[in-house]
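A closer look at the structure
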Amino acid sequence: MEIAALVMLGVVVGALGTLVGVGGGFIIVPVLLAFMPGLGHAQVVAVSLVAVAANGISGSIGYLRQRPMPIAARPAVVIALATLPGAVAGPLLVRMIDARMFAVGLACVMLLAAMMLMLVGGKAGLAARERRRREGLLARGHDEATVKRLMEAPPSLGGREWAMIIGISLAVGLIATMMGIGGGLFHVPALVFLLAFPVRSATATSGSVLAVTAVAGTVMNIASGNLAGVWWIAAALGAGAVVGAQIGARLSRYTPGSVVMRVLAVCLVAVAVRLLIG
């Protein structure tokens, strides 16, 4: 692939990845596997994580400038810390995986995630969740202005919810960095459907976590030599992702949550099918 094509791919991936909170690695990995077959899958994962890191950092800066700021700071810190052990171990284990098994495993994970998003992430499903939460806030005596503000903010989390976040993040850190896709593919659905986060807050929070976990994975990839000879690919994708992430952060203000969930599901299915047919 030409450098210009890689930069443009980075822009598209950065915008879409930031909009849906998943970094974009789920697109980069199969595209590189398809169009740059000379690369080993460990190299593909390493290159992808560089772009995911650039995307996460740029997107987080974009979200931090917005008011109200959609990133849930405490959950982001906890998720990032819980994913770090896996983010460190993943790049060390990725060389042990057969390339075809790697592609099939990635496709299966994508199809499962897409199925869940299509079933419960539509407009009706999200509207019902928002309606129940709004009714609950009104029942507690909040006025309309307060309800509107609280509806845009993440919910209060108890001990059970924090334990759930930590448990999910421990597993996600390992699986996601081994696949080069960041953790947003798993964290966004978990935050929205298990912890009742507003979609925009979930995607912004997930994106900020990527800035930590992908950097950690990249450091380990450098130490493992997985980026040797492919830095130019990573740099081109990363440069495009920085620009695209700013576009995605701006688009998030105007994109309904149901649209975000459906776009994510469609992208996952398309990429998974491409991987399965090899």
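In what follows, the accompanying structure is described. Every value quoted in this text rests on a predicted model; they were computed, and no experiment measured them. (Residues numbered from 1 in each chain as written. Predicted model: local features only at pLDDT ≥ 70, side-chain atom pairs only at ≥ 80, totals over all residues. Heavy atoms only, no water.)

1. Considerations on empty space enclosed by the protein
It is the rolling of a water-molecule-sized probe over the atoms that shows where space remains empty. In total, this model carries three cavities of 30 Å³ or more according to the counting rule given. Gly-17, Thr-18, Asn-55, Gly-56 and Gly-207 are, among the 13 residues lining the second largest cavity, the residues nearest its centre. Element by element, the count of residues in the lining of the second largest cavity is highest for helix α3 (residues 41-64), at five residues. Split into classes, the residues belonging to the lining of the second largest cavity amount to three nonpolar, 10 polar and no charged. (1 Å grid on protein atoms, 1.4 Å probe; cavity = no way out; pocket = protein on both sides within 12 Å on 5 of 7 lines; lining within 4 Å. Points joined across faces, edges and corners; volume = space filled by probe spheres on them. Helix = DSSP H or I, 4+ residues; strand = E, 2+ residues; numbered from the N terminus. Nonpolar A, V, L, I, M, F, W, Y, C, P; charged D, E, K, R; others polar.)

2. Quick look at the environment of Leu-227
Position of Leu-227 among the secondary structure elements: in the loop between α10 (199-224) and α11 (231-251). Looking at Leu-227, the relative accessible area reads 2%, which means it is buried. C-alpha separation for the pair Leu-227 and Val-47, spaced 180 residues apart in sequence, amounts to 6.8 Å. Those residues in contact with Leu-227 that lie beyond four places of it in its chain are Ala-46, Val-47, Val-50, Thr-218, Asn-221, Ile-222 and Ala-234. (Buried < 20%, exposed > 50% of the residue type's maximum accessible area, 1.4 Å probe, protein only. Contact = heavy atoms within 4.5 Å.)

3. Description of a nonpolar patch on the surface
Side chains of Leu-92, Leu-93, Met-96, Leu-174 and Ile-175 sit close together on the surface and give an oily, nonpolar patch of about 430 Å² of accessible area. Contributing elements (two or more residues each) for the nonpolar patch: α4 (73-93) and α8 (159-179). Assignment of secondary structure puts Leu-174 in helix α8. A relative accessible area of 30% means that Leu-174 is categorised as partly exposed. (Patch = residues over 30% accessible without salt bridge, like charges linked within 9 Å, V, L, I, M, F, W, Y side chains within 5 Å. Areas by Shrake-Rupley, 256 points an atom, 1.4 Å probe, with all protein chains shown as cover. Salt bridge = Lys/Arg side-chain N within 4 Å of Asp/Glu carboxyl O.)

4. A word on the packing of helix α1 (residues 3-20) against α3
Where α1 meets α3, the closest approach of the two axes is 10 Å, and the angle between their N-to-C directions is 55°. The angle between α1 and α3 falls in the class oblique. Between α1 and α3 the crossing geometry is right-handed. In this structure, α1 uses Val-13, Gly-14, Gly-17 and Thr-18 to contact α3, whose residues at the interface are Asn-55, Gly-59 and Tyr-63. (Axes fitted to C-alpha atoms, helices over the stretch in contact; angles between N-to-C directions. Parallel < 35°, antiparallel > 145°, perpendicular 65-115°, else oblique. Left-handed = near helix turned anticlockwise from the far one by under 90°.)

5. Comments concerning α3
If you check α3, its first and last C-alpha atoms are 34 Å apart, about what 24 residues at 1.5 Å a residue would give, namely 34 Å. Summarising burial for α3: 20 of the 24 residues are buried, a large majority. (Expected span 1.5 Å × (residues − 1).)

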